[in-house]
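Spelled out, the chains give:
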Amino acid sequence: MAERRLLHTAAAGAGQPCLGGVAEGSADAVRGRATKGYDFVEDRTRDGRKIRLLNVVDEFTRECLAIRVARKLGSADVIDVLADLFIARGTPGYIRSDNGPEFVATAVKGWINGVGAKTAFIEPGSPWENGYVESFNGKLRDELLNAEVFNTLAEAKVLIEQWRVHYNTVRPHSSLGYRPPAPEVTVSGMAMPPGNPGPTGSNQPPMTMLH
């Protein structure tokens, strides 16, 4: 993709801010500059094999922007997810994370700085300093991971993406006045999913409310 190549070129070059397809100075650009938090969560499929989830949360809107699911995830996957998000949403001012090896890798830090964002590492052993994403991780585990047994990796990807869309568009959030962070658009009485699919895949129909 041309936009992806341009973003990587910016990272390798002068390190000037790059907002992808978002017009600088627009309302979307302002929201895009809000801090993003990200973290890993682990689970297992029925056969006992581990799966890893890379969760990215917008601290301004509380929206879950992406959940990348795979058997293994490393620094290259972190950069790949962020590149997709920065193109779609704009480059944030800061990316907040713990000091996990995938986040402190030289390639990741260099890429983030190169596109005009900054890293914000929390103190070791202080997960509450990344409170938005930690809160999201807890909801994901309580409402989905602890309630489902994934037979395969492919099934896990589908169900997790469905839950992510439901979380963003339907599920009430008490911190947002019991509104979802990215509510669905309703046209002529028909609920329509958001126009921009997440980086992990296409839009899915909303799920039944999980309690």
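Every chain begins its residue count from 1, and numbering advances along the sequence as written. Confidence filtering applies because this is a predicted model: local features only for residues at pLDDT of at least 70, side-chain atom pairs given and counted only at 80 or more, and all residues used for totals across whole chains, interfaces and linings. Side-chain measures here rest on the full set of heavy atoms in the structure, leaving out hydrogens and waters.

**Comments concerning unusual backbone geometry**
So, point 1. The phi angle at Arg62 is positive, at roughly 70°, despite the residue not being glycine.
So, point 2. Residue Arg62 is classed as partly exposed on the basis of its relative accessible area of 23%. The buried label goes to any residue with under 20% of its type's maximum accessible area, the exposed label to any with over 50%, and the partly exposed label to all in between, with areas taken from a 1.4 Å probe on protein chains only.

**A closer look at the side chain of Asp58**
So, point 1. The residue Asp58 is located in strand 2 (residues 50-58) in this model.
So, point 2. Overall, the relative accessible area of 4% leaves Asp58 in the buried class.
So, point 3. Polar contact is the term for a pair of N or O atoms within 3.5 Å; when the atoms are in protein, one must be able to donate a hydrogen and the other to accept it, and sequence-neighboring residues count only if both atoms are side-chain atoms. Of note is the side chain of Asp58, whose polar atom sits 2.7 Å from the backbone nitrogen of Phe60.
So, point 4. In this structure the side chain of Asp58 is engaged in a polar contact, spanning 3.0 Å, whose partner is the backbone nitrogen of Thr61. Note on conventions: DSSP H or I runs of at least 4 residues are helices, E runs of at least 2 residues are strands, and numbering of each starts at the N terminus.

**What about the pattern of salt bridges?**
So, point 1. Put simply, a salt bridge is a Lys or Arg side-chain nitrogen that is within 4 Å of an Asp or Glu carboxyl oxygen. Enumeration according to the criterion identifies 10 salt bridges in this entry.
So, point 2. Glu59 serves as the salt-bridge partner of Arg96, at 2.7 Å between the closest nitrogen and oxygen. A residue pair is termed long-range when its members are at least 10 positions apart, and Arg96 in strand 4 (residues 94-97) and Glu59 in the loop between strand 2 and strand 3 (64-70) qualify at 37 residues.
So, point 3. The buried category is assigned to Glu59, whose relative accessible area is 12%.
So, point 4. Across the pair Arg68 and Asp77 runs a salt bridge whose closest N-O atoms are separated by 4.0 Å.
So, point 5. Relative accessible area serves as the criterion here: at 24%, Asp77 is assigned to the partly exposed category.

**Quick word on the environment of Val56**
So, point 1. With respect to the helices and strands, the residue Val56 is situated in strand 2.
So, point 2. Accessibility expressed as a relative area gives 1% for Val56, which makes it buried.
So, point 3. C-alpha of Val56 to C-alpha of Ser97: the two residues are 41 residues apart in sequence and 9.9 Å apart in space.
So, point 4. Non-local contacts of Val56, meaning those with residues more than four positions away in its chain, are made with Lys36, Gly37, Tyr38, Glu63, Cys64, Leu65, Ala66, Val81 and Leu85. It only takes one pair of heavy atoms within 4.5 Å for two residues to be counted as in contact.

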